[in-house]
Amino acid sequence: MITIPTLETERMILRGPKPDDFEPFAKFLTTERSAEIGGPASRSEAWRGMAMMIGHWELRGYGMWWLEERASGRAVGRVGLWNPEGWPALELGWVVYDEFEARGYAYEAAVASRDYARKTMPSNTLISLIAPENARSIRLAERLGATRSGTWASPAGKEALIYTHPEPEAKA
């Protein structure tokens, strides 16, 4: 069994997946909003996607955390580090389910994920790959201090904007 570290923020717990996380994940993947991450998808495709994210932790030693709202214990989405074969660099990515949008959860969790990467990863290069039509994610990347640095075509042929996050400040 792999060990996925748990991170905590004021309002959320970033943790490894639990069986109960599958239903909200599969539900999200049936929506048009999931097109930004390769959906819409069937339940069986959602299952394989969840298993792939767990496998990423095993193969890379890092990955996507499942977000749990502290107050309710409900699944909020996922945020974390992603770098499958063929990716241009280590990606900081996020998805927040519809009912939890516009609450600042993605920002809060992305900061925790970015800070974790800065403390534990050998490379300081961190990007976010964003669908050109995803205005909310573009605003979030910019709020995190990232700047647009190019475009990229995914292995599936989808165009993504590359946002590069600033390097951490040197410690004196």
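A short tour of the structure in this document, coming up. (Residues numbered from 1 in each chain as written. Predicted model: local features only at pLDDT ≥ 70, side-chain atom pairs only at ≥ 80, totals over all residues. Heavy atoms only, no water.)

1. Considerations on the overall build of the protein chain
The helix and strand inventory of the protein chain stands at four helices and eight strands. Traced from its N-terminal end to its C-terminal end, the protein chain shows the element sequence β-β-α-α-β-β-β-α-β-α-β-β. Along the first, second and third principal axes, the C-alpha set of the protein chain runs to 45 × 35 × 35 Å. Put simply, the protein chain has 172 residues, and 49% of those count as buried. In the protein chain, of all internal contacts separated by at least 6 residues, the share reaching a separation of at least 24 is 57%. In the form shown here, the protein chain has an accessible surface area of approximately 9200 Å², with 52% of it arising from carbon and sulfur atoms. For the protein chain, the centre of its 21 positive side-chain charges and the centre of its 23 negative side-chain charges are spaced 2 Å apart. (Helix = DSSP H or I, 4+ residues; strand = E, 2+ residues; numbered from the N terminus. Buried < 20%, exposed > 50% of the residue type's maximum accessible area, 1.4 Å probe, protein only. Contact = heavy atoms within 4.5 Å. Areas by Shrake-Rupley, 256 points an atom, 1.4 Å probe, with all protein chains shown as cover. Lys, Arg positive; Asp, Glu negative; His and termini not counted. Charge placed at Lys NZ, Arg CZ, Asp CG, Glu CD.)

2. Description of the pairing of strand E2 (residues 12-15)
A regular strand places its side chains so that they alternate between the two faces of the sheet. Side chains of E2 alternate between two faces, with Met12 and Leu14 and Ile13 and Arg15 buried alike. Judged from the two bridges that link them, strand E1 (residues 7-8) and E2 form a sheet pairing that is antiparallel. Paired with Glu8 across the two strands is Ile13, which belongs to E2. Note: E2 against strand E3 (residues 64-69), four bridges, orientation antiparallel. (Pairing = 2+ DSSP bridges.)

3. Looking at the layout of surface pockets
In this model, the second largest pocket occupies a volume close to 250 Å³. In this structure, the second largest pocket is lined by 15 residues; those nearest its centre are Pro24, Arg74, Ala75, Tyr97 and Glu99. When residues of the lining of the second largest pocket are assigned to their parent elements, the largest contribution, three residues, is made by helix H1 (residues 22-29). By residue class, the composition of the lining of the second largest pocket is five nonpolar, two polar and eight charged. (1 Å grid on protein atoms, 1.4 Å probe; cavity = no way out; pocket = protein on both sides within 12 Å on 5 of 7 lines; lining within 4 Å. Points joined across faces, edges and corners; volume = space filled by probe spheres on them. Nonpolar A, V, L, I, M, F, W, Y, C, P; charged D, E, K, R; others polar.)

4. Quick look at the packing of aromatic side chains
Aromatic ring pairs: the centre-centre distance and the angle between the two ring planes describe each pair. In total, this model carries seven aromatic pairs according to the counting rule given. Taking the centre distance of 5.2 Å and the plane angle of 90° together, the rings of Phe25 and Trp66 count as edge-to-face. Taken together, the positions of Phe25 in helix H1 and Trp66 in strand E3 put the pair 41 residues apart, joining distant regions of the chain. The same class applies to Phe25 and to Trp66, which are both buried. Geometrically, the ring pair formed by Phe100 and Tyr105 is tilted, given 6.2 Å between the ring centres and 40° between the ring planes. Ring pairing ties together the aromatic residues Trp57, Trp65 and Tyr116, which thus form one cluster. The ring of Tyr107 is capped by Arg143, whose NZ or CZ atom sits 3.7 Å from the centre of that ring. (Phe/Tyr/Trp six-rings, centres within 6.5 Å; stacked < 30°, edge-to-face > 60°. Lys NZ or Arg CZ within 6 Å of the ring centre and 35° of its normal.)

5. A word on the nonpolar core
Counting residues in each nonpolar core, the largest one holds 49 residues, and the members touching the most others are Leu14, Phe25, Trp65, Leu81 and Trp94. Examining the composition of this core, we find that eight residues originate from one element, helix H3 (residues 105-120), more than from any other. Residues within four places of Phe25 in sequence aside, it is in contact with Ala46, Gly49, Met50, Met53, Trp66, Arg78 and Tyr97. Counting six residues, the second-largest nonpolar core is a separate cluster that includes Ile127, Trp152, Ala160 and Ile162. (Core = buried A, V, L, I, M, F, W, Y, C linked by side-chain atoms within 4.5 Å.)

6. Points about the environment of Ala153
Counting through the fold element by element, Ala153 comes out in strand E7 (residues 147-153). Classification of Ala153 by relative accessible area gives exposed; the value is 52%. Separated by 66 residues in the primary sequence, Ala153 and Trp87 have C-alpha atoms spaced 9.7 Å apart.

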